[in-house]
Amino acid sequence: MQPEFWHKRWASNQIGFHLPEVNPHLQRFWPQLGLDEGSRVLVPLCGKSLDLLWLAHCGHEVLGVELSEKAIEDFFNEHQLDPAISEQGPFQVYRAGSIELWCGDFFELTAGDVADCSALYDRAALIALPPTMREQYAAHLIRILPKDSLGLLITLDYDQAQMDGPPFAVLDDEVRRLFGDVWALKILEDQDVLGESWKFLEAGVTRLEERVYRVSSH
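None of these values were measured; they are calculated from a predicted model.

Student: Could you give an account of helix 4 (residues 69-78), naming the residues involved and the relevant values?
Tutor: Think of an α-helix as turning once every 3.6 residues; residues three or four places apart then point the same way. Within helix 4, the full set of buried residues consists of Ala-71, Ile-72, Asp-74, Phe-75 and Phe-76. For helix 4, the N-terminal cap is Ser-68; the gap from its side-chain oxygen to the backbone nitrogen of Lys-70 is 3.3 Å. Phi for Gln-80, located one or two positions after helix 4, is positive at around 50°.

Pasting the structure below:
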């Protein structure tokens, strides 16, 4: 799970994790958070997700962080956007309108970089990481996100012995162990999605649950 792994996935277009539509959970549950228009949303490991555009269309400032330069360039090209490019510390920053995509290592993001973020959206970051990196990710996120942040976290729950990740299975008890001491966690949806997940069916997975959390830091 070193950077080269993800660069190769993007270079060879092995991006089964990329959804060709806006995530339905995002559309359903995000408005319930009651965030002000103009709130800045942190989207870790964002890829070229269409969710970025949806958040921007809702009136948010969007800060996506992505390791793959190809993913970022694809995002802007596919939506006919011409970003201004600058540097922020170790990151190369692409900005068009209210969307900023920072190309670089999420773990180099500082509290100062996200000081004006009041929201988090994680659909494909936590589940993209193996166990030891999930520990590091959670600790880093807790360390840098401003207090009183709100957001959504989406995980997958299945028998990891039946298929290798990514995406990895992240069970409820692990989510609570990683974040529960610092964040309030509320399950908004726990949905069986095996029937619409051909990759998992082909691998012989017999159970697949998608879980949506409302997260809030104290």
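Student: An account of unusual backbone geometry is needed here, citing residue identities and associated values.
Tutor: Of the consecutive residues Gly-165 and Pro-166, the connecting peptide bond is found in the cis state with omega at 0°. Locating Pro-166 in the fold gives a position in the loop between strand 7 (150-157) and helix 6 (172-179). A positive phi is found at Gln-80, a non-glycine position, where the angle reads about 50°. Along the chain, Gln-80 falls in the loop between helix 4 and strand 3 (84-88). The phi angle at Asp-148 is positive, at roughly 70°, despite the residue not being glycine. Within the element layout of this structure, Asp-148 appears in the loop between helix 5 (131-144) and strand 7. Residue Asp-148 is classed as exposed on the basis of its relative accessible area of 60%.

Student: Outline helix 5, supporting the account with residue identities and numerical values.
Tutor: Compared with the 20 Å implied by 1.5 Å per residue over 14 residues, the 20 Å span of helix 5 between its first and last C-alpha is a close match. Of the residues making up helix 5, those classed as buried are Met-133, Arg-134, Tyr-137, Ala-138, His-140, Leu-141 and Ile-144. For helix 5, the arc enclosing every buried residue in end-on projection is 170°, short of the 170-degree limit, so these residues lie on one face. Summarising the geometry of helix 5, the exposed residues directed more than 90 degrees from the buried face are Thr-132 and Arg-143. Where helix 5 is buried, its residues contact strand 1 (40-44), strand 6 (117-122), helix 6 and strand 8 (183-192).

Student: Tell me about the packing of helix 5 against helix 6, residues and numbers included.
Tutor: The description of two helices packed together rests on the angle between their axes and the distance between the axes. As a packed pair, helix 5 and helix 6 sit with axes 9 Å apart at the nearest point and diverge in direction by 45°. Taken together, the axes of helix 5 and helix 6 are oblique relative to one another. Once helix 5 is placed against helix 6, the crossing between them reads as right-handed. Of helix 6, the residues touching helix 5 (which contributes Arg-134, Glu-135, Ala-138, Leu-141 and Ile-142) are Glu-174, Arg-177, Leu-178 and Phe-179. Grouping the constituent residues of the contact of helix 5 with helix 6 by class yields five nonpolar, no polar and four charged.

Student: Please provide a residue-by-residue account of the nonpolar core, values included.
Tutor: Taken as a class, soluble globular proteins show a tendency for nonpolar side chains to be buried jointly. Judged by nonpolar contacts, the single largest core of 39 residues is most densely connected at Leu-42, Leu-109, Leu-141, Tyr-158, Phe-179 and Phe-200. Residue assignment for this core shows that the elements contributing at least two residues are strand 2 (61-66), strand 4 (91-96), strand 6, helix 5, strand 7, helix 6, strand 8 and strand 9 (209-217). The element best represented in this core is helix 5, accounting for five residues. Residues within four places of Leu-141 in sequence aside, it is in contact with Leu-42, Phe-106, Leu-120, Phe-179 and Trp-183. Formed by 26 residues, the second largest nonpolar core is a distinct cluster that contains Leu-52, Tyr-94, Ile-99 and Cys-103.

Student: Let's hear about the pairing of strand 3: which residues, and what values?
Tutor: Here five bridges tie strand 3 to strand 4, and the two strands are oriented antiparallel to one another. By the bridge assignment for strand 4, Glu-87 is matched with Gln-92. Counting the residues that bridge the hairpin from strand 3 to strand 4 gives two residues, and of these Gly-89 lies at a positive phi of roughly 60°.

Student: An account of the sheet that holds strand 6 is requested, with residue identities and associated values reported.
Tutor: One open sheet holds the nine strands; their spatial order is 3-4-5-2-1-6-7-9-8, and the pairing between them is mixed. Edge positions in the sheet fall to strand 3 and strand 8, since each of these pairs with one other strand and no more. Strand after strand, the sheet turns through a mean of 25° between neighbouring axes, direction not considered. Pairing between strand 1 and strand 6: three bridges, direction parallel. Residue pairing in the sheet places Arg-40 in a bridge with Cys-117 of strand 6. Contacts from helix 4 reach strand 2, strand 4 and strand 5 (99-103) within the one sheet, and its direction differs from that of strand 5 by about 160°. The sheet strands contacting helix 6 are strand 7, strand 8 and strand 9, and the helix crosses strand 8 at an angle near 160°.

Conventions used here
- Residues numbered from 1 in each chain as written.
- Predicted model: local features only at pLDDT ≥ 70, side-chain atom pairs only at ≥ 80, totals over all residues.
- Heavy atoms only, no water.
- Buried < 20%, exposed > 50% of the residue type's maximum accessible area, 1.4 Å probe, protein only.
- Helix = DSSP H or I, 4+ residues; strand = E, 2+ residues; numbered from the N terminus.
- Polar contact = N/O pair within 3.5 Å; in protein donor to acceptor, adjacent residues only side chain to side chain.
- Expected span 1.5 Å × (residues − 1).
- Arc of directions from axis to C-beta.
- Contact = heavy atoms within 4.5 Å.
- Axes fitted to C-alpha atoms, helices over the stretch in contact; angles between N-to-C directions.
- Parallel < 35°, antiparallel > 145°, perpendicular 65-115°, else oblique.
- Left-handed = near helix turned anticlockwise from the far one by under 90°.
- Nonpolar A, V, L, I, M, F, W, Y, C, P; charged D, E, K, R; others polar.
- Core = buried A, V, L, I, M, F, W, Y, C linked by side-chain atoms within 4.5 Å.
- Pairing = 2+ DSSP bridges.

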